Amino acid sequence: MDWHAARAALEWQVEMGVTEAISDAPINRFEQVATPAKVPVAAARPVSDALVAQQDAIDPVAVAEAAARGAGDLAALQDAMAAYPHCELQKGARNLVFCDGIAGARVMIIGEAPGREEDRVGKPFVGRAGKLLDRMLAAIDLGRDRDADAAVYITNVLPWRPPQNRDPKPDEMAMTLPFLKRHIALAQPDLLVVMGNISCQALLGKRGITRLRGQWTEAVGRPVLPMFHPAYLLRNPAAKREAWADLLDLQARLHKKKA
Ligand code: URA
């Protein structure tokens, strides 16, 4: 069984409610004798000390910043992210989820992180929340596969799915932020829509989407509109009223800027 198949089997068991691993035959752990590995301590220590010192000397955020800076276009940025070795999330993800839509679109949408479907397909917002996002965009004549002014470009704060869709940890966000900022600089949108708390935290440095939504602000030199995340709207349909108001505001802003 390969690594991904083993992980998928384990995830399935966790989702089915399995909480203990029980083998075919009983194991009497009281009878098991601890057999410490026979490592010649004196020989092993200098190597491991050196390794620890080497790892401590690495600043993962500085490495991400340098890699992001060095990427001259979106393809190079995607390659740099795929080659970035310091984010543990990458090891558990099937795919790097980089983008969808049209690079160069006026609107860039920034979600949180890939879920199960996005991880499987390798594109952002392809699951239930993504379907709702597409309907929301279509309601104001935007779409990820439309031309020119009607196009959007979509990415996430995190390019790798966190295990069990947990919230990203602060160090994971700090490592991926330089890539996100470079992504925005290379895609050159007129404005950003940040969806949900994680995206607000990453780009605006604050949470509280209920307060922040609908309030235009600025980040990375561009106008930013915080909005409810479509996954939140699926759980709280009553909030679609506010989301609709925000979509109309976005549409008005796009028309005003063009004129
Ligand atoms: N939620 C997100 O924030 N991004 C995705 O790509 C999918 C779900």
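Residues numbered from 1 in each chain as written. Predicted model: local features only at pLDDT ≥ 70, side-chain atom pairs only at ≥ 80, totals over all residues. Heavy atoms only, no water.

Digging into the overall build of the chain
Here is step 1: Looking only at helices and strands, the chain features twelve helices and six strands.
Here is step 2: Here the chain holds 259 residues, and the buried ones make up 39% of them.
Here is step 3: The long-range share in the chain, meaning contacts at least 24 apart out of those at least 6 apart in sequence, stands at 72%.
Here is step 4: Per element, the accessible surface of the chain, about 14,700 Å² overall, is 54% carbon and sulfur. (Helix = DSSP H or I, 4+ residues; strand = E, 2+ residues; numbered from the N terminus. Buried < 20%, exposed > 50% of the residue type's maximum accessible area, 1.4 Å probe, protein only. Contact = heavy atoms within 4.5 Å. Areas by Shrake-Rupley, 256 points an atom, 1.4 Å probe, with all protein chains shown as cover.)

Quick look at the packing of helix α3 (residues 60–69) against helix α8 (residues 170–187)
Here is step 1: Running from N to C, α3 and α8 cross one another at 15°; their axes reach a closest spacing of 8 Å. Relative to α8, α3 is oriented roughly parallel. As for how α3 packs across α8, the hand of that crossing is right-handed. Residues Pro60, Val61, Ala64, Glu65, Ala67, Ala68 and Arg69 of α3 touch α8, and the partners they reach there are Ala174, Met175, Pro178, Phe179 and Arg182. (Axes fitted to C-alpha atoms, helices over the stretch in contact; angles between N-to-C directions. Parallel < 35°, antiparallel > 145°, perpendicular 65-115°, else oblique. Left-handed = near helix turned anticlockwise from the far one by under 90°.)

Section: the pattern of salt bridges
Here is step 1: Enumeration over the complete set of coordinates arrives at eight salt bridges.
Here is step 2: One salt bridge connects aspartate 100 with lysine 123, and the closest N-O pair in it is separated by 4.0 Å. Linking aspartate 100 in strand β1 (residues 100–101) with lysine 123 in the loop between α6 (116–121) and α7 (128–139), this pair joins segments that are 23 residues apart in sequence.
Here is step 3: Residue lysine 123 is classed as partly exposed on the basis of its relative accessible area, which comes to 38%.
Here is step 4: A salt bridge links aspartate 100 to arginine 144; the shortest N-O distance between them is 3.0 Å. Of this pair, aspartate 100 sits in strand β1 while arginine 144 sits in the loop between α7 and β3 (152–156), and the two are 44 residues apart along the sequence. Take aspartate 100 and arginine 144: they sit in the same class, and that class is buried.
Here is step 5: One continuous salt-bridge network, built from bridges that share partners, spans Asp100, Lys123, Asp134 and Arg144. (Salt bridge = Lys/Arg side-chain N within 4 Å of Asp/Glu carboxyl O.)

Digging into helix α12 (residues 240–258)
Here is step 1: Between the first and last C-alpha of α12 there are 27 Å, a value that for 19 residues agrees with the 27 Å anticipated at 1.5 Å per step.
Here is step 2: What α12 keeps buried is the set Ala243, Asp246, Leu247, Leu250, Gln251 and Leu254. Buried residues of α12, seen end-on, are gathered within an arc of 140° and therefore sit on one face of the element. In α12, the exposed positions angled more than 90 degrees off the buried face are occupied by Arg241 and Lys256.
Here is step 3: Packed against the buried residues of α12 are β2 (107–111), α7, β4 (191–195), β6 (222–227) and α11 (230–235). (Expected span 1.5 Å × (residues − 1). Arc of directions from axis to C-beta.)

With respect to the site of the ligand
Here is step 1: Neighbouring residues of the ligand: Gly111, Glu112, Ala113, Glu118, Pro124, Phe125, Asn156 and His229.
Here is step 2: With respect to the ligand, the backbone of glutamate 112 contributes an N or O atom lying 2.7 Å from an oxygen atom.
Here is step 3: In this structure, a nitrogen atom belonging to the ligand sits 2.8 Å away from a side-chain N or O atom of asparagine 156.
Here is step 4: Computed on the free molecule, the ligand has an accessible area of 230 Å², of which 91% lies beneath the protein chains in the complex.
Here is step 5: Using a 2 Å cut-off from the grid points, one finds that the ligand occupies the largest pocket. (Near = heavy atom within 4 Å. Polar contact = N/O pair within 3.5 Å; in protein donor to acceptor, adjacent residues only side chain to side chain. 1 Å grid on protein atoms, 1.4 Å probe; cavity = no way out; pocket = protein on both sides within 12 Å on 5 of 7 lines; lining within 4 Å. Sits in = over half its atoms within 2 Å of the grid points.)

Everything listed here is a matter of geometry and, on its own, says nothing about what the molecule does.
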